[in-house]
Amino acid sequence: KVVSLRLFKNSLGSEGFVGLAPALVGGHSSLESLDLAANGAEVGAVVTLLRGLITVTEIKSKLKCVVVGGNQGGEELEDLVKEINKVRPGMDIARDKGQNR
């Protein structure tokens with residue numbers, strides 16, 4: 001089983017984030033931590049990836065932590081994180097706060 005997937009600084013870029021997005025929809029039975037930090041993704045791609053977390057329930061997914069720091073952030077990302085926290089209050093989305101990189 002894959003419990004932790006660390007793709008830190010793998011140059012995934014925006015295309016990689018968009019490509020991974022469908023894997024988060026519906027949840028994952030064993031993945032608890034996903035590190036996608038420092039991959040050069042634009043904020044739209046980060047938002048696309050994380051949007052899949054809204055449709056996931058705790059029962060379907062064990063994912064507890066997603067790291068997206070070191071990619072672009074901003075108001076759109078912060079708004080989505082608030083939305084995700086309403087649906088998945090235990091979810092930790094680690095990101096660069098207060099920077100519109």
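Described below are features of the structure shown in this document. Please read these numbers as outputs of a predicted model, since none were measured by experiment.

### Regarding the nonpolar core
- Within the largest apolar cluster, 24 residues are counted, with the highest numbers of intra-cluster contacts made by F17, L50, L53, L63 and I93.
- Counting only elements with at least two residues in this core, the list comes to α1 (13-24), α2 (43-51) and α3 (75-87).
- It is α2 that contributes the most residues to this core, six residues altogether.
- In this structure, I93 is in contact with L50, L53, V66, V68, V81 and I84, ignoring residues within four places of it in sequence.

### Focus on the pattern of salt bridges
- In total, this model carries one salt bridge according to the counting rule given.
- Here E78 ties to R95 by a salt bridge, and the two come within 2.9 Å at their closest N and O atoms. Of this pair, E78 sits in helix α3 while R95 sits in the segment after β4 (92-94); the two residues are 17 residues apart in sequence, bridging distant segments of the chain.
- A residue is classified by how much of its surface remains accessible, and R95, at 19% relative accessible area, is buried.

### Things to note about the packing of α1 against α2
- With their axes 7 Å apart at the nearest point, α1 and α2 run at an angle of 10° to one another. One way to sum up the angle between α1 and α2 is to call them roughly parallel. Residue-level inspection shows S14, F17, V18, L20, A21 and L24 of α1 in contact with α2, the latter providing A45, V46, T48 and L49.
- Looking at the contact of α1 with α2 residue by residue, the class counts come to eight nonpolar, two polar and no charged.

### Looking at α1
- For α1, built from twelve residues, the straight-helix expectation of 16 Å at 1.5 Å per residue is met to within 8% by its first-to-last C-alpha distance of 17 Å.
- Listing the buried residues of α1 in full gives G13, G16, F17, A21 and L24. For α1, the angular spread of buried residues about the axis comes to 155°, placing them on one side. Away from its buried face by more than 90 degrees, α1 exposes E15, G19 and P22.
- Next to the buried residues of α1 lie β2 (33-35) and α2.
- Of the residues one or two after α1, G26 is the one with positive phi, at around 90°.

### Here we look at unusual backbone geometry
- If you check the backbone angles, K9 has positive phi at about 50° while not being a glycine.
- Among the structural elements, K9 can be located in the loop between β1 (4-6) and α1.
- By relative accessible area, K9 is classed as exposed at 60%.
- Here the phi dihedral of A38 falls at roughly 55°; this positive angle occurs in a residue that is not glycine.
- Position of A38 relative to the elements: it lies in the loop between β2 and α2.
- Look at A38 and you get partly exposed, because its relative accessible area is 25%.

Rules of the game
Residues numbered from 1 in each chain as written. Predicted model: local features only at pLDDT ≥ 70, side-chain atom pairs only at ≥ 80, totals over all residues. Heavy atoms only, no water. Core = buried A, V, L, I, M, F, W, Y, C linked by side-chain atoms within 4.5 Å. Buried < 20%, exposed > 50% of the residue type's maximum accessible area, 1.4 Å probe, protein only. Helix = DSSP H or I, 4+ residues; strand = E, 2+ residues; numbered from the N terminus. Contact = heavy atoms within 4.5 Å. Salt bridge = Lys/Arg side-chain N within 4 Å of Asp/Glu carboxyl O. Axes fitted to C-alpha atoms, helices over the stretch in contact; angles between N-to-C directions. Parallel < 35°, antiparallel > 145°, perpendicular 65-115°, else oblique. Nonpolar A, V, L, I, M, F, W, Y, C, P; charged D, E, K, R; others polar. Expected span 1.5 Å × (residues − 1). Arc of directions from axis to C-beta.

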